[in-house]
Amino acid sequence: MISKTYSPQEIEDKWYSYWIENRYFNSKPNPDKEPYTIVIPPPNVTGVLHMGHMLNNTIQDILTRKARMEGKEACWVAGTDHASIATEAKVVAMLREKGINKSDLTREEFLEYCWEWTHKYGGIILQQLRKLGASCDWDRTRFTMEPSLYDAVIDVFVDLYNKGDIYRGHRMVNWDPQARTTVSDEEVLMKEVMQKLVYIRYAIEGEEGQYVTIATVRPETIMADVAICVNPTDERYQHLVGKKALIPLINRAIPIIADEYVEVEFGTGCLKVTPAHDQNDYELGKKHNLPTIDLLNEDGTLNEKAQILVGEDRFIARKKIIKLLEEAGNIEKVEEYKSNVGHSERTNAVIEPRLSEQWFLKMKRISQPAFENVMNDTVQLLPPKFKNTYRHWMENVRDWNISRQLWWGHRIPAFYLKDGTVIVARNKREALRKAQHELLLFALTEADLEQDPDVLDTWFSSWLWPISVFDGINNPDNEEINYYYPTNDLVTAPEILFFWVARMIIAGYEYRNTYPFKNVYLTGIVRDKQGRKMSKSLGNSPDPLDLIAQYGADGVRTGMLFSSPAGNDLLYDEKLVEQGRNFCNKVWNAFRLVKGWTVSEEAQNPASQLATQWFESKLNQTLAEVHDLFDKFRMSDALNAVYKLIWDDFCSQYLEMIKPEYEQPIDPATYEATLDFFDRLMRLTHPFMPFITEEIWQNIRERGQNDSICVAEYPQPGAIDTTLINQFEILSEVVSAIRNLRNTKGLSPKVELPLAIRTETPDLYQSLEGLLRKLANVAAIEYVSEQAEGMSFLVRSDEFFINLAGEIDVEAERENLLKELEYTEGFLASVQKKLSNERFVQNAKGDVVEKERQKQADAEAKIATIKEALVRLG
RNA sequence: GGGUUCUUAGCUCAGCUGGUUCAGAGCACCUGCCUUACAAGCAGGGGGUCGGGGGUUCGAAUCCCUCAGGACCCA
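Below, the structure is looked at part by part. Fair warning: this is a prediction, and the values are worked out from it, not measured in the lab.

1. Observations concerning the overall build of chain A
Line of reasoning, step 1. Looking only at helices and strands, chain A features 27 helices and 28 strands.
Line of reasoning, step 2. Taking 29 Å as the expected radius of gyration for a compact globule of 874 residues, we find that chain A reaches 37 Å, considerably beyond that expectation.
Line of reasoning, step 3. If one aligns the C-alpha atoms of chain A with their principal axes, the spans along those axes are about 110 × 70 × 55 Å.
Line of reasoning, step 4. For chain A, buried positions account for 53% of its 874 residues.
Line of reasoning, step 5. Here the contacts in chain A between residues at least 6 apart in sequence split such that 76% fall between residues at least 24 apart.
Line of reasoning, step 6. Working note: accessible area of chain A is about 40,300 Å², and carbon and sulfur atoms make up 48% of it.
Line of reasoning, step 7. For chain A, the distance from the average site of its 102 positive side-chain charges to the average site of its 133 negative ones is 3 Å.

Now the structure itself:
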């Protein structure tokens, strides 16, 4: 006996192992087949599966499984990236718990710990994906730090440097003066603090008694000022632009300049420009060609460039300088001021914006093809609204800062000589050779070369991902890259459209001369019911593995997909997953029903025959729809169409039509047709729900050794008999009306009802009689030309009567008819209004007008029927 | 501040390039059913001025403008 509810656990493990053993997911280049390739967006090696991954990977799996069933050489490449910042932060935290400081370790020792960590936790997320049913070719699992991918990154750096696209420049970083290191944006916590906004007077050079006032919360940095800036539209200061102001206490003259960056309303409308100690000032300084004066040491004390208060800590200096300014008469006033100040997550020290030397990639040239080929849809973004965002970013693209002050990652292959000369080469040996040959420094040894301590941005390795997983950088003409590249689809989140997607397209054109993927499907962000992004730190995300244990992988997959149109966020609700599980259960019970039948020798009755013909058409209709939806990447809608086909058409309609009486056998023709339908339905559903469909498919019929639904043919649409489908729609309306009548009259479904039909087309109903009897439990069916006795209802313009003595509620029926009449007359009026409008008849397309005429005729016929019925009621 | 985008039933969303009285689906809700595949179910049912205003058109949820409110990205 098969269980009443579907229990996923053992079934899922059983079939996943079976798939792996039979290597259905493994792929190798096969010239006889069309390749279908997806590369996974590599999750962080230290990460665990979250809801976003679930959605993302479900979609990838659906696409991959469908392609595989369609006979393509499907290849889904799995892997992880090394996530410099996140991993290093985790390792540092782990070391701290052990009482070890990163600064106490050598680079090599630290990297040992990183690798240890990676080996320990690195596989977890990929293991979790197996639970979801992901059909990746696991033998191809790649990691951005493994040797071949590492070399690819280094090669690309060297290549771009040699092309003149990579240069060194300055950039503001977050400096933690206590830890004496940079920290990433993610590691800076903004805290609201009360500060003193100090209004300081700067005398105008050569104009006795004249001054400008600036407002600042950082008076200790005035010695690093290089200009005073005002808004060009600000009338108050027009006359000062071009003159010079004197920094108080040190009397250095600085120019007064104009730039619309300055807000007229803020403070005094005069801004002190201090490029070394503020990001915005830095930009401003660059724009106006101003010098940069850095007056802070690594530990946050003032250096000799400050001229005064040298050696004092920045906060002590702040207090002292206010006093000095007061004594010198330069303070106008001091206000309390609330603002957000960055603090180090690690040490809680106030973060100091600090200039440092970084590596940059020039984006202008290299990004051109990537820009054009998205705009002309060679690479398609889905949904297309992201093209606008993409264009905006590409048009304003800025050079890419590719260096990070970290150890875990691809170490920048730049080597410095004692005098600061930079040599970029793949390794120290090549750098040395280069120095010897090109700089003619023959006495040089490797010991004279010092490698840049920084590593490359993680994205600088993942932008090569679609190429490097096939070794296409180091070995650009190998069989794999030639076969699998360009890949077909990329499924990812819109938040990384620029960080990752755009850069992959750039790298694709630069290194393969073509796009890395044809379609980019951008999923939404999974949010909780309150609209907050699901995250571990908020604790508002369910554990995906718990969910799978509770609802089954198939249930979770369908639940995730139910409400996730491309690019729109989805508000996660456990109800969705529940619905997915219920669907599994529905399918399971349909299977139980069919499995429980015994087969007789008898011939097929006409009703069952008609039912199978109808479902064949209905199935084909939905197949065509699903194929079309897949072409448009509307997977959620495709799932919905499948869901309705199975639940409404197959279970509620078809199975009820052909179901034999309790413990009666079924005829062989209907039975075979039903098994065939079930087989096709399972294949249709397999990409969405791989496990339950395999279990059922394996049990519907005898299967061969090593057979699997994974590699069975995806069903293709056949002929559709639309006339038959329309007839069945009418049938279903009649059945609904009769059931509704039973409901309102409190009649049991078991009571047989007599039915009279008044219609112009009796043969339509004659062919449906058998099904009508079965679905609505009617006994005798007679055709009448006049009004008959009993309760009546209308379907289209035919009238139906059910004669139940004493059950007629004349008033209620009249009310219903009047309501129907009012509606139909209103409808007719609107149609007539259109048709009597000459401009409509002239301007609208012929078939639209024809449709309106047909509507008019239908409505008129219906109104006549209703009126007759009303007359009968008296 | 610059850009993108959204607002349709109580909730989450469909509604593609204007054309059935077009206002839809799922969930939730209400009524009646433990009818031997399924109560994780069956059969029925109610519910919305398509954010406000204006315009284009024979015709607007759909196209344009504007206002209000939300979301995201960049600085």
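2. Focus: the sheet that holds strand β1 (residues 35–39)
Line of reasoning, step 1. Within the open sheet, the three strands sit side by side as β1-β2-β3. Their pairing is parallel. Single-partner strands in this sheet number two, and they are β1 and β3 (137–143). Taken over all neighbouring pairs, the strand axes of this sheet differ in orientation by 25° on average, direction set aside.
Line of reasoning, step 2. In the sheet, strand β2 (residues 73–80) pairs with β3 via three bridges, with the strands oriented parallel. Counterpart to valine 77 in the pairing with β3 is aspartate 137.

3. Brief notes about a negative patch on the surface
Line of reasoning, step 1. On the surface, Glu108, Glu109, Glu112 and Glu116 cluster together into a patch of negative charge.
Line of reasoning, step 2. A relative accessible area of 39% means that glutamate 109 is categorised as partly exposed.

4. Details of the sheet that holds strand β25 (residues 753–758)
Line of reasoning, step 1. Taking strand neighbours across the sheet as the criterion, the four strands line up as β26-β25-β28-β27 in an open arrangement whose pairing is mixed. Edge positions in the sheet fall to β26 (778–784) and β27 (791–795), since each of these pairs with one other strand and no more. Mean inter-strand twist for the sheet, computed between neighbouring axes without regard to direction, equals 25°.
Line of reasoning, step 2. Judged from the five bridges that link them, β27 and strand β28 (residues 798–802) form a sheet pairing that is antiparallel. Bridge pairing in β28 places leucine 794 opposite glutamate 799.
Line of reasoning, step 3. Helix α23 (residues 722–745) rests against β25, β26, β27 and β28 of the sheet, and its axis sits at about 150° to β27.

5. Structural notes on the environment of tryptophan 393
Line of reasoning, step 1. With respect to the helices and strands, the residue tryptophan 393 is situated in helix α10 (residues 386–395).
Line of reasoning, step 2. Of the residues examined, tryptophan 393 reaches a relative accessible area of 21% and is grouped as partly exposed.
Line of reasoning, step 3. Between the C-alpha atoms of tryptophan 393 and threonine 824, which are 431 residues apart in sequence, the distance is 54 Å.
Line of reasoning, step 4. Other than its neighbours up to four places away in sequence, tryptophan 393 contacts Phe498, Ala502 and Arg503.

6. Quick look at helix α3 (residues 84–97)
Line of reasoning, step 1. With 14 residues, α3 ought to run about 20 Å at 1.5 Å a step, and its terminal C-alpha atoms sit 20 Å apart, in line with that.
Line of reasoning, step 2. Within α3, the full set of buried residues consists of Ser84, Thr87, Glu88, Ala89, Val91, Val92, Met94 and Leu95.
Line of reasoning, step 3. Summarising the contacts, the buried residues of α3 are in contact with α4 (107–121) and β20 (455–456).
Line of reasoning, step 4. Taken from the residues just after α3, glycine 99 is the one with a positive phi, measuring 80°.

7. Structural notes on the packing of aromatic side chains
Line of reasoning, step 1. Across all of its chains, the model carries 40 aromatic pairs by this definition.
Line of reasoning, step 2. Taking 5.4 Å as the distance between ring centres and 45° as the angle between the ring planes, the aromatic pair formed by tyrosine 6 and tryptophan 588 counts as tilted. Placement of the pair is tyrosine 6 in the segment before α1 (8–21) and tryptophan 588 in helix α18 (residues 574–595), with a sequence separation of 582 residues. For the pair tyrosine 6 and tryptophan 588, a shared accessibility class is recorded, and that class is buried.
Line of reasoning, step 3. Summarising the aromatic geometry, the rings of tyrosine 765 and phenylalanine 800 are spaced 5.5 Å apart at their centres and angled 85° between planes, so their arrangement reads as edge-to-face. With tyrosine 765 in helix α24 (residues 762–776) and phenylalanine 800 in strand β28, the pair connects residues that are 35 residues apart, well separated along the chain.
Line of reasoning, step 4. Phenylalanine 800 gets classed as buried once you look at its relative accessible area, which sits at 0%.
Line of reasoning, step 5. One aromatic cluster in this structure is built from Tyr6, Trp588, Phe591, Trp614, Phe615, Phe650, Tyr654, Phe677, Phe678 and Phe728.
Line of reasoning, step 6. Here the guanidinium or amino end of lysine 66 rests over the ring plane of phenylalanine 630, the centre of that ring lying 4.5 Å away.
Line of reasoning, step 7. Note that lysine 518 overlies the ring of tyrosine 515, its terminal NZ or CZ placed 5.2 Å from the centroid.

8. Structural notes on the environment of threonine 693
Line of reasoning, step 1. Residue position: threonine 693 is located in helix α22 (residues 690–700).
Line of reasoning, step 2. The spatial distance from the C-alpha of threonine 693 to the C-alpha of methionine 682 is 5.2 Å, given a sequence separation of eleven residues.
Line of reasoning, step 3. Discounting chain neighbours no more than four positions away, the residues touching threonine 693 are Met682, Thr685, His686 and Ile709.
Line of reasoning, step 4. Of note is the side chain of threonine 693, whose polar atom sits 3.0 Å from the backbone oxygen of proline 690.

9. A closer look at the pairing of β1
Line of reasoning, step 1. β1 sits mainly inside the fold: four of its five residues count as buried.
Line of reasoning, step 2. Where β1 meets β2, five bridges bridge the pair, whose relative direction is parallel. Its bridge partner being in β2, isoleucine 38 is matched across the sheet by tryptophan 76.

10. Some words on the nonpolar core
Taken as a class, soluble globular proteins show a tendency for nonpolar side chains to be buried jointly.
Line of reasoning, step 1. If you look at the biggest cluster of nonpolar residues, it comprises 187 residues, and the most contacted ones within it are Phe460, Trp463 and Tyr654.
Line of reasoning, step 2. Excluding residues that lie within four positions of it along the chain, tryptophan 463 makes contacts with Val156, Leu160, Leu361, Ile366, Trp400, Trp500, Arg503, Met504, Ile506 and Ala507.
Line of reasoning, step 3. Of all hydrophobic cores here, the second largest spans 38 residues; its members include Leu284, Leu302, Ile321 and Leu325.

11. Some words on the side chain of asparagine 57
Line of reasoning, step 1. Looking at the element boundaries, asparagine 57 is found in helix α2 (residues 51–69).
Line of reasoning, step 2. A distance of 3.4 Å separates polar atoms of two side chains, one belonging to asparagine 57 and the other to glutamine 60.
Line of reasoning, step 3. Ignoring any residue separated from it by four or fewer positions in sequence, one finds asparagine 57 in contact with Ile40, Trp76, Leu129 and Leu132.

12. What about the side chain of aspartate 234?
Line of reasoning, step 1. Along the polypeptide, aspartate 234 turns up in the loop between β8 (227–230) and β9 (244–246).
Line of reasoning, step 2. Here arginine 236 takes part through its side chain, which lies 2.8 Å from a polar atom of the side chain of aspartate 234.
Line of reasoning, step 3. Ignoring anything within four residues of it in the chain, the contact list for aspartate 234 reads Val264 and Gly269.

13. Re helix α8 (residues 314–328)
Line of reasoning, step 1. Taking 1.5 Å per residue, 15 residues should reach 21 Å; α8 reaches 20 Å between its end C-alpha atoms and fits that length.
Line of reasoning, step 2. The set of residues buried in α8 consists of Arg314, Ala317, Arg318, Ile321, Ile322 and Leu325. Across the axial projection of α8, the buried residues extend over an arc of 140°, all falling on one side. When the buried face of α8 is taken as reference, the exposed residues oriented beyond 90 degrees from it are Lys319, Lys323 and Glu327.
Line of reasoning, step 3. Between the side-chain oxygen of the N-cap and the backbone nitrogen of phenylalanine 315 there are 2.9 Å, and the N-cap of α8 in question is aspartate 313.
Line of reasoning, step 4. Downstream of α8 by a residue or two, glycine 329 has a phi angle that is positive, lying close to 80°.

Analysis parameters
- Residues numbered from 1 in each chain as written.
- Chains lettered and ligands numbered in written order.
- Predicted model: local features only at pLDDT ≥ 70, side-chain atom pairs only at ≥ 80, totals over all residues.
- Heavy atoms only, no water.
- Helix = DSSP H or I, 4+ residues; strand = E, 2+ residues; numbered from the N terminus.
- Rg over C-alpha atoms; globule rule 2.2 N^0.38 Å.
- Buried < 20%, exposed > 50% of the residue type's maximum accessible area, 1.4 Å probe, protein only.
- Contact = heavy atoms within 4.5 Å.
- Areas by Shrake-Rupley, 256 points an atom, 1.4 Å probe, with all protein chains shown as cover.
- Lys, Arg positive; Asp, Glu negative; His and termini not counted.
- Charge placed at Lys NZ, Arg CZ, Asp CG, Glu CD.
- Pairing = 2+ DSSP bridges.
- Axes fitted to C-alpha atoms, helices over the stretch in contact; angles between N-to-C directions.
- Patch = residues over 30% accessible without salt bridge, like charges linked within 9 Å, V, L, I, M, F, W, Y side chains within 5 Å.
- Salt bridge = Lys/Arg side-chain N within 4 Å of Asp/Glu carboxyl O.
- Expected span 1.5 Å × (residues − 1).
- Phe/Tyr/Trp six-rings, centres within 6.5 Å; stacked < 30°, edge-to-face > 60°.
- Lys NZ or Arg CZ within 6 Å of the ring centre and 35° of its normal.
- Polar contact = N/O pair within 3.5 Å; in protein donor to acceptor, adjacent residues only side chain to side chain.
- Core = buried A, V, L, I, M, F, W, Y, C linked by side-chain atoms within 4.5 Å.
- Arc of directions from axis to C-beta.

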